[in-house]
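# Chain and residue survey
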Amino acid sequence: MGSEKQSSGFLDTIKMERVRTILTHTYPYPHEHSRHAIIAVVVGCLFFISSDNMHTLIEKLDNNIKWWSMYGCLFGFFYFFSSPFIGKTIKPSYSNFSRWYIVWILVAAVYHLPSFQSMGVDMRMNLSLFLTIYLSSILFLLVFHIIFYGLWYIGLVSRVAGKRPQILTILQNCAVLSVACCVFYSHCGNRAFLKQRPLDRKNSNWFNFWKKEERNTWLAKFLRMNELKDQVCSSWFAPVGSASDYPLLSKWVIYGEIASCNGSCPGSSNEISPIYSLWATFIGLYIANYVVERSTGWALTHPLSVKEYEKMKKKQMKPDFLDMVPWYSGTSADLFKTVFDLIVSVTVFVGRFDMRMMQAAMSKVDDDNHNGDIMYDHFNEKDDFWFDFMADTGDGGNSSYAVARLLAQPQLRTVKDDSVVKLKRGDLLIIGGDLAYPNPSAFTYERRLFVPFEYALQPPPWYKAEQIAVNKPEVPDGAELKNYKGPQCFVIPGNHDWFDGLQTFMRYICHRSWLGGWLMPQKKSYFALELPKRWWVFGLDLALHGDIDVYQFKFFSQLINEKVQEDDSVIIITHEPNWLTDWYWNDVTGKNISHLICDYLKGRCKLRMAGDLHHYMRHTHTQVNSEGPIHVHHLLVNGCGGAFLHPTHVFSKFQKLYGVNYECKSAYPSFEDSSRIALGNILKFRKKNWQFDFIGGIIYFILVFSVFPQCKLNHILQEDTFPGHVKNFLATVWNEFIYILEHSYVSLAGAIALLVAAYSFVPSKLSRKKRAMVGILHVSAHLASALILMLLLEIGVETCIRHNLLATSGYHTLYQWYRSVESEHFPDPTGLRARIEQWTFGLYPACIKYLMSAFDVPEVMAVSRSNICKNGLESLSRGGAVIYYASVFLYFWVFSTPVVSLVFGSYLYICINWLGLHFDEAFSSLRIANYKSFTRFHIRANGDLEVYTLAVDKVPKDWKLDPDWDGETKNPQQLSHLRKHPSKWRAATSNQDPVHTVKIVDHFIIETTQNNSNSNTQKNDTVLQTDDSDRTVQ
């Protein structure tokens, strides 16, 4: 027994997991991850760049401001194009595409400019060598993978080798390999150094750099790093051996140039090219690594290290929330589906088919007590009753979960007037519509609504998501609904829930029993709730009409006449706050609701609540008794349940409803903050809406399609003064605008289509004349920007052509130059290149030729442009014209995308802050997940309704597993609302967790209606208890 204890203790001491994994590679498939190779290449580039004499580089700088201004414009546009992807990965596919795309066309443009050549750097050899090695590597590895996969197919290698390699992985490895070879060639060349004798190596001055007597001159040595570079090239890499050392390979290698030997090198060099040797080494390492891993299955079966296991566990212990909906995406299938569903819903269903009519036909209501599918009275006997209201959830996962986490807490502690306030979780949760964005579907409801709520408060263990609730309410243990002690949820649909005719809402709300840990007894899309102390809640379904239908009106009017007493108080909840939207649009909607409130409730409507607008605002009447009846005492909007933020300052001038004056008592965010947030449209529009590139770039190219190319630019380039340049430049822009109006077809059609779209985009609250003016100014800004960008691009190309940097020898300039120097720098005495050309039937050199032409986009563009200017556009074939406009588009797209976002963002800012237009469009573009809130109600023992609005200014972006939730003792059959810590995730930074940052932004009390049998109309029966929170929250 003692020996066993000792042995086990010894094993625990040495930690066998670490012993087993000490030789394990960090990543399962190293050949698929080129990060370390990229880092090595970058470090090598920086090292060798610093090896040249800095003073010499400064002396070689070109002082011509024309070229440096061109550099500034070029790099500036490329920076702004790539700015959304710096520092983070938005979408791996588009982000990676953008990086490679930027590198491609930026390098293709820069290597034509003269300043690199003035510094002694000729990029033509590097580019041509890179493309040659890149293509050769791809072909070689593709052949290898085909052979290896064939061996697996016939059973000669291990079964695990059947995993096919990713094409992008092969391309990435070939790119890194080619860059490494080009870096070596740039600084060491292809010189075939003869092997030094041991005595020569011993006497080499390599270590003179570290001699004691020269330690004090290390700075001088640093400035002469080219000496160190020569030592590295000649001593470390170059001596790779001669072809005579490898007779079998002598006909399959490329030879190096003859190095300078001070006249002591007899005959021609027989040394193997160090570039070829480096390439063969990398290829060999790739193949060996791939064969070992795929043949033995080592990388699939070997255990991870403890450190990597912990890292992987932490990565998995994070919620997979969806991001905020990109409303300006040009590639989102969801948005196109949303538009289609909206068109179908409005044109087909509205006025022809209404799900509310079907619900009324299928409703089973007991005529005696109105207790059935619509009316619920199981709350009316509770003494201490709390309930919550939120709306417009189901957008970003972070914001939706932040609100759901607050709603799920058994108790919230916050500070009000320097005292701690404890607010109990609501027995009832009412959600005011728009449950998932951008359209209702199984995916959006599951991922944007149910997932955050299930993380906040888990459903019962027996709950199955796919189960259809047939006999609601499905109360646990078969108890009666009034005896269920857990939280319950009732929901009304919003306009987004109606985009599919309410099908998804009926399936996921009316025929499911649980939203996380909240029980859903609801069977229809509208309901009436009888609460304690003579309070009622009417949840109305407005559909896409902005009003209730006749069947709802009949039900609620009968309920008011038969059940609602004269001293009862009613809360009406709709999705749309038509008191604000009608004022904004100068319209009148909700006539049936107004009829119900004014003619049936007659002053008993103490509070109207709604969502739809994603902010918080509360208005209270200011009218005295003598001025007439008060139909609604308080108006409250709270749509901060998870969707993007809406402005408040646009609605700051609302004052009157039903002839009664109202005053804004609270707004969140404040009017000042709301106006300041709108400024983000200028600075952050493209960063938040990078998918808009696909629309904006194409629109700008169409606007200037007909004015390419500009062949007559002498009057701009030959001007001597800067004001003259600017004057002629602007005159040319105006002339091209006139040309588009008088002679263009494509650009004029694009401008007219854009004008129609801009006119339609302006809100209809303006008159037609004002809409036309705003639309014309908007389109003029875009058209002027597109023409300026076009002219800048044409001036840059024309300048390079005049200095013989472009359009010198046809489409294949780079390939022709490379073939002229290839034999000199890469000797091939055995004719290896000729044999490869013969074996591939000329395909290999043809691929290199056209790959270089495709890479050199500026040369293709300049040659085509010169042909058009000399012989006219008719001289080009259809294919030639396509090639020209495609090459122009590749650069014009990069230049135009940042500008179109800047112009459009500025338009939104001016409209929202100066004209009060586009409150929806100007803030949906910002996709703000912060400023989230919900409203908590408490019915006191005396019947007064106390109202708290709780808010979180900043929503966390990173979450981690809550240790309190994970460590709490779990009973498999225990309902989650009984747990002390019901939510699974907490903020990664503790002081940013919503439970700790929640605050009260508004607090008021609505007194219950006093019984007055002598009056049918209740006047001024609500007293507002004001305090410091009645002021607008700053």
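One structure accompanies this document, and this report is about it. (Residues numbered from 1 in each chain as written. Predicted model: local features only at pLDDT ≥ 70, side-chain atom pairs only at ≥ 80, totals over all residues. Heavy atoms only, no water.)

### With respect to the pattern of salt bridges
- Across all of its chains, the model carries 22 salt bridges by this definition.
- In this structure, Asp-373 and Lys-523 form a salt bridge, with 3.5 Å as the shortest nitrogen-oxygen distance. In this pair, Asp-373 sits in the loop between α17 (355–362) and β3 (375–376) while Lys-523 sits in the loop between β10 (518–519) and β11 (527–531), placing the two residues 150 residues apart along the sequence.
- Residue classification places Asp-373 among the buried residues on the basis of a relative accessible area of 10%.
- The exposure class assigned to Lys-523 is partly exposed, which follows from its relative accessible area of 25%.
- Residues participating in the shared-partner salt-bridge network are Glu-794, Glu-798, Arg-802 and Arg-865. (Salt bridge = Lys/Arg side-chain N within 4 Å of Asp/Glu carboxyl O. Helix = DSSP H or I, 4+ residues; strand = E, 2+ residues; numbered from the N terminus. Buried < 20%, exposed > 50% of the residue type's maximum accessible area, 1.4 Å probe, protein only.)

### Overview of the environment of Gly-680
- Inspection of the secondary structure assignment puts Gly-680 in helix α25 (residues 680–688).
- What makes Gly-680 buried here is its relative accessible area of 11%.
- Counting along the chain gives 228 residues from Gly-680 to Leu-908, while the straight-line C-alpha distance between them is 9.9 Å.
- When near neighbours in sequence (up to four residues on either side) are disregarded, Gly-680 contacts Phe-685 and Leu-926. (Contact = heavy atoms within 4.5 Å.)

### A short note on unusual backbone geometry
- A cis amide bond, omega -5°, links Tyr-437 with the succeeding residue Pro-438.
- Locating Pro-438 in the fold gives a position in the loop between β7 (428–431) and α19 (442–456).
- With an omega of -5°, the peptide bond between Tyr-668 and Pro-669 qualifies as cis.
- Looking at the secondary structure, you find Pro-669 in the loop between β18 (660–668) and α24 (671–677).
- Phi at Asp-392 takes a positive value of approximately 60°, unusual for a residue other than glycine.
- Inspection of the secondary structure puts Asp-392 in the loop between β4 (385–390) and α18 (397–408).
- Backbone geometry places Phe-841, a non-glycine residue, at a positive phi of 55°.
- Within the element layout of this structure, Phe-841 appears in the loop between α32 (832–839) and α33 (843–855).

### Quick notes on the environment of Glu-794
- By the secondary structure assignment, Glu-794 is in helix α30 (residues 768–802).
- Separated by 68 residues in sequence, Glu-794 and Ala-862 place their C-alpha atoms 9.7 Å apart.
- For Glu-794, the contacting residues outside a window of four places in its chain are Phe-708, Pro-709, Gln-710, Leu-713, Arg-865 and Tyr-884.

### Some details on the packing of helix α34 (residues 857–871) against helix α35 (residues 878–915)
- Two elements in contact, α34 and α35, have axes whose closest approach is 9 Å; the angle formed by their N-to-C orientations is 130°. Relative to α35, α34 is oriented oblique. The handedness of the crossing between α34 and α35 is left-handed. Each of Val-857, Pro-858, Val-860, Met-861, Ser-864, Arg-865 and Ile-868 in α34 lies in contact with α35, whose residues at this interface are Ile-883, Tyr-884, Ser-887, Val-888, Leu-890 and Tyr-891. (Axes fitted to C-alpha atoms, helices over the stretch in contact; angles between N-to-C directions. Parallel < 35°, antiparallel > 145°, perpendicular 65-115°, else oblique. Left-handed = near helix turned anticlockwise from the far one by under 90°.)

### With respect to the pairing of strand β20 (residues 945–952)
- Counting buried positions along β20 gives eight out of eight residues, so the element sits mostly inside the fold.
- Of the two faces of β20, the one lined by Leu-945, Val-947, Thr-949 and Ala-951 and the one lined by Glu-946, Tyr-948, Leu-950 and Val-952 are each fully buried.
- Judged from the eight bridges that link them, strand β19 (residues 932–939) and β20 form a sheet pairing that is antiparallel. Each bridged residue has a counterpart across the sheet, and for Ser-933 the counterpart in β20 is Ala-951.
- The turn joining β19 and β20, which pair antiparallel and follow one another in sequence, is formed by five residues; a positive phi near 95° is taken by Gly-943. (Pairing = 2+ DSSP bridges.)

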